[in-house]
Amino acid sequence: IIYDLRPMALDDLGIVPTLDKYLRNVKESTGIEVELHALGQTRRFPNKMEIAIFRLVQESVSNAVKHSDAKLIEVKLEFTQKFISLYIRDDGKGFDIAQPAKSNSFGMMGMRERVELLEGTLKVKSRLNFGTSVYIQIPIQD
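Just so we're clear, the structure is a prediction, and the values are computed from it rather than from any experiment. (Residues numbered from 1 in each chain as written. Predicted model: local features only at pLDDT ≥ 70, side-chain atom pairs only at ≥ 80, totals over all residues. Heavy atoms only, no water.)

> What am I meant to see in the packing of aromatic side chains here?
Applying the stated criterion to the full structure yields 2 aromatic pairs. Consider the rings of Tyr22 and Phe54, whose centres lie 5.4 Å apart with planes at 65 degrees: the pair is edge-to-face. A residue pair is termed long-range when its members are at least 10 positions apart, and Tyr22 in helix α3 (residues 15–30) and Phe54 in helix α4 (residues 47–67) qualify at 32 residues. Judged by relative accessible area, Tyr22 falls into the buried class, the value being 8%. Accessibility expressed as a relative area gives 1% for Phe54, which makes it buried. (Phe/Tyr/Trp six-rings, centres within 6.5 Å; stacked < 30°, edge-to-face > 60°. Helix = DSSP H or I, 4+ residues; strand = E, 2+ residues; numbered from the N terminus. Buried < 20%, exposed > 50% of the residue type's maximum accessible area, 1.4 Å probe, protein only.)

Written out as structure tokens, the structure reads:
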């Protein structure tokens, strides 16, 4: 539980190796194929930013595992000079985005709040029988 809240590997290794370890654990425990792709020059970021990125990926992947019946979950991180972009996609059953969220659906609300705190943007796209995509862009503030 403590690892899931704040993995110690973030302090030592940084975001990409920590996500790689987390996603390998998801793959082993669920049997779902999980892929991580990191593009661009990785580097260390402020602690609160790395924790937020980890938690955003964690929540997106957790939602896909719980609700999508996916066979594949892809996680892409792209590092540019000005932004960190996250793209999490599953090939699961998707959902009707026009339907109101369940009253106990705090995961997406928490993700929106976390992205807003980092002055980023969050977009979710889903289509029944075609999976769900989560796109997050966070500005890098040195």
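> In this structure, what is going on with the nonpolar core? I would like to understand it.
General note: in soluble globular proteins, nonpolar side chains tend to be found buried as a group. Ranked by size, the top nonpolar core spans 34 residues in total, and within it Val61, Ile73, Leu86 and Ile136 carry the most contacts. Elements with a minimum of two residues in this core: α3, α4, β2 (72–79), β3 (83–90), α5 (106–117), β4 (121–127) and β5 (131–139). With 8 residues, α4 is the single largest residue contributor to this core. Setting aside residues up to four positions removed in sequence, Leu86 forms contacts with Ile53, Leu56, Val57, Lys76, Leu77, Val134, Tyr135 and Ile136. (Core = buried A, V, L, I, M, F, W, Y, C linked by side-chain atoms within 4.5 Å. Contact = heavy atoms within 4.5 Å.)

> What is the right way to look at the environment of Ile136 in this model?
Along the polypeptide, Ile136 turns up in strand β5. Using a relative accessible area of 0% as the deciding quantity, one classes Ile136 as buried. Taking C-alpha positions, Ile136 is 8.7 Å from Ile88, a pair spaced 48 residues apart along the chain. In contact with Ile136, not counting residues within four places along its chain, are Leu56, Ile84, Ser85, Leu86, Met111, Val115, Thr121 and Leu122.

> Got a minute to help me understand the packing of α4 against α5 in this structure?
Helix-helix packing is characterised by the crossing angle of the two axes and by the distance between the axes. In contact at an axis separation of 10 Å, α4 and α5 are set at 155 degrees when each is read in the N-to-C sense. Taken together, the axis directions place α4 and α5 in an arrangement best described as roughly antiparallel. You can see that α4 and α5 cross each other, and the crossing is left-handed. Taken together, the residues of α5 that come into contact with α4 (itself represented by Ala52, Arg55, Leu56, Glu59, Ser60 and Asn63) are Gly107, Met111, Arg114 and Val115. Of the residues that constitute the contact of α4 with α5, the class distribution is 4 nonpolar, 3 polar and 3 charged. (Axes fitted to C-alpha atoms, helices over the stretch in contact; angles between N-to-C directions. Parallel < 35°, antiparallel > 145°, perpendicular 65-115°, else oblique. Left-handed = near helix turned anticlockwise from the far one by under 90°. Nonpolar A, V, L, I, M, F, W, Y, C, P; charged D, E, K, R; others polar.)

> What am I meant to see in the environment of Lys93 here?
By the element assignment, Lys93 lies in the loop between β3 and α5. The spatial distance from the C-alpha of Lys93 to the C-alpha of Leu77 is 23 Å, given a sequence separation of 16 residues. In this view, Lys93 contacts His67, Ser68, Asp69, Arg127, Leu128, Asn129, Phe130 and Gly131; residues no more than four positions away in its chain are not counted.

> Is there a simple way to think about the packing of α3 against α4 in this case?
Contact geometry of α3 with α4 gives a least axis separation of 11 Å together with a crossing angle of 20 degrees. Taken together, the axes of α3 and α4 lie roughly parallel to each other. The element α3 and its partner α4 pack so that their crossing is right-handed. Between α3 and α4, the contacting residues are Ile15, Thr18, Leu19, Tyr22, Leu23, Val26 and Thr30 on the first element and Glu50, Ile53, Phe54, Val57, Gln58, Val61 and Val65 on the second.

> Help me out: how do you make sense of the sheet that holds β3 in this one?
Paired through their backbone hydrogen bonds, the strands of a sheet run either parallel or antiparallel. Taken together, the 5 strands give an open sheet; going across it, the order is β1-β2-β3-β5-β4, and neighbouring strands pair in mixed fashion. Here the strands that pair on one side only, and so sit at the sheet edges, are β1 (33–40) and β4. Strand-to-strand twist in this sheet, taken as the mean axis angle between neighbours without regard to direction, amounts to 10 degrees. As judged from the 8 bridges shared by β1 and β2, these two strands associate in the parallel manner. Of the residues in β2, the one forming a bridge with Glu35 is Glu74. Those strands touched by α4 are β2, β3 and β5, and its axis lies near 10 degrees from that of β3. Taken strand by strand, α5 contacts β4 and β5, and its axis lies near 150 degrees from that of β4. (Pairing = 2+ DSSP bridges.)

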